[in-house]
Amino acid sequence: MASTMLIVVLLAIASLLVLASDPGSLQDFCVADKASPVLVNGFVYKNPMDVNAGDFFFSGLNKTGNTNNRLGSNVTTVDVNKIAGLNTLGISLAHIDFAFTGSTHHTHTPEQRRYLR
Ligand SMILES: *[C@@H]1O[C@H](CO)[C@@H](O)[C@H](O)[C@H]1NC(C)=O
Ligand SMILES: *[C@@H]1O[C@H](CO)[C@@H](O)[C@H](O)[C@H]1NC(C)=O
């Protein structure tokens, strides 16, 4: 009987630990304020009242890059410098155009090679 009680108590304690997860993010977005004079590691946040749809939009990923170069390819990258709303999300995008027989240099670790399509 005592061992049953001990198991029940241990399971109760273990279930409390399972519920102890990370809290949700404090903010859904932290749009970069690139005009801020404050220098931090990354970009400081723009006042949420000043955020607009343009902070989450980039026009140009649908344009074909000029592949008339030595590699026969053209990479259009989009990061926080082009979409301020990507700040702190750890997301960047790339549009790669290849000419017939074109290629790119692979200068990244395998973990960095995740493209959103
Ligand atoms: C790319 O998308 C923009 C709208 O965001 C549009 O105005 C433009 O015509 C498109 N360009 C091409 C090449 O499809
Ligand atoms: C990629 O394409 C853009 C748009 O055509 C062009 O301005 C740029 O010079 C090209 N980059 C290379 C490396 O060819």
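Note that this is a predicted model, so its numbers are computed, not measured.

## With respect to the overall build of the chain
A tally of regular secondary structure across the chain gives one helix and two strands. Reading the chain from its N terminus to its C terminus gives the helix and strand order α-β-β. A burial count over the chain gives 8% of its 117 residues as buried. Long-range contacts, defined as pairs at least 24 residues apart, comprise 52% of the intrachain contacts of the chain with a sequence gap of at least 6.

## Describing the environment of Leu71
Here Leu71 is to be found in the loop between helix 1 (2-19) and strand 1 (73-78). Taking the C-alpha atoms as reference points, Leu71 and Thr104, 33 residues apart in sequence, are found 6.4 Å from one another. With residues near it in sequence (within four places) discarded, Leu71 still touches Gly102, Ser103 and Thr104.

## Quick notes on the site of ligand 2
Neighbouring ligand 2 are the residues Gly65, Asn66, Asn69 and Asn74. For the shell around ligand 2, the class distribution of residues is no nonpolar, four polar and no charged.

## Some points on the nonpolar core
Counting six residues, the largest nonpolar core is built from Cys30, Val31, Ala32, Ile83, Ala84 and Leu86. Discounting chain neighbours no more than four positions away, the residues touching Ala32 are Phe43, Lys46, Val80, Ala84 and Asn87.

## Some points on the confidence of the model for the chain
When pLDDT is averaged along the chain, the result is 83; 79% of the residues meet or exceed 70. When the elements of the chain are averaged for pLDDT, helix 1 gives the smallest value, 80, and strand 1 the largest, 92.

## Some details on unusual backbone geometry
A negative phi angle is the norm for most residues apart from glycine, just as the trans form is the norm for most peptide bonds. At Thr88, a position not held by glycine, the phi torsion is positive, near 70°. Summarising the element assignment, Thr88 is placed in the loop between strand 1 and strand 2 (93-98). Classification of Thr88 as partly exposed rests on a count of 16 C-beta atoms within 10 Å.

## Quick word on the environment of Pro48
With respect to the element layout, Pro48 can be found in the loop between helix 1 and strand 1. The sequence separation of Pro48 and Phe29 amounts to 19 residues, and the corresponding C-alpha distance is 8.7 Å.

Cut-offs applied
Residues numbered from 1 in each chain as written. Chains lettered and ligands numbered in written order. Predicted model: local features only at pLDDT ≥ 70, side-chain atom pairs only at ≥ 80, totals over all residues. Helix = DSSP H or I, 4+ residues; strand = E, 2+ residues; numbered from the N terminus. Buried ≥ 20, exposed ≤ 12 C-beta atoms within 10 Å, placed from the backbone. Contact = placed C-beta atoms within 7 Å. Near = placed C-beta within 6 Å. Nonpolar A, V, L, I, M, F, W, Y, C, P; charged D, E, K, R; others polar. Core = buried A, V, L, I, M, F, W, Y, C linked by C-beta atoms within 7 Å. pLDDT = per-residue confidence, 0-100.

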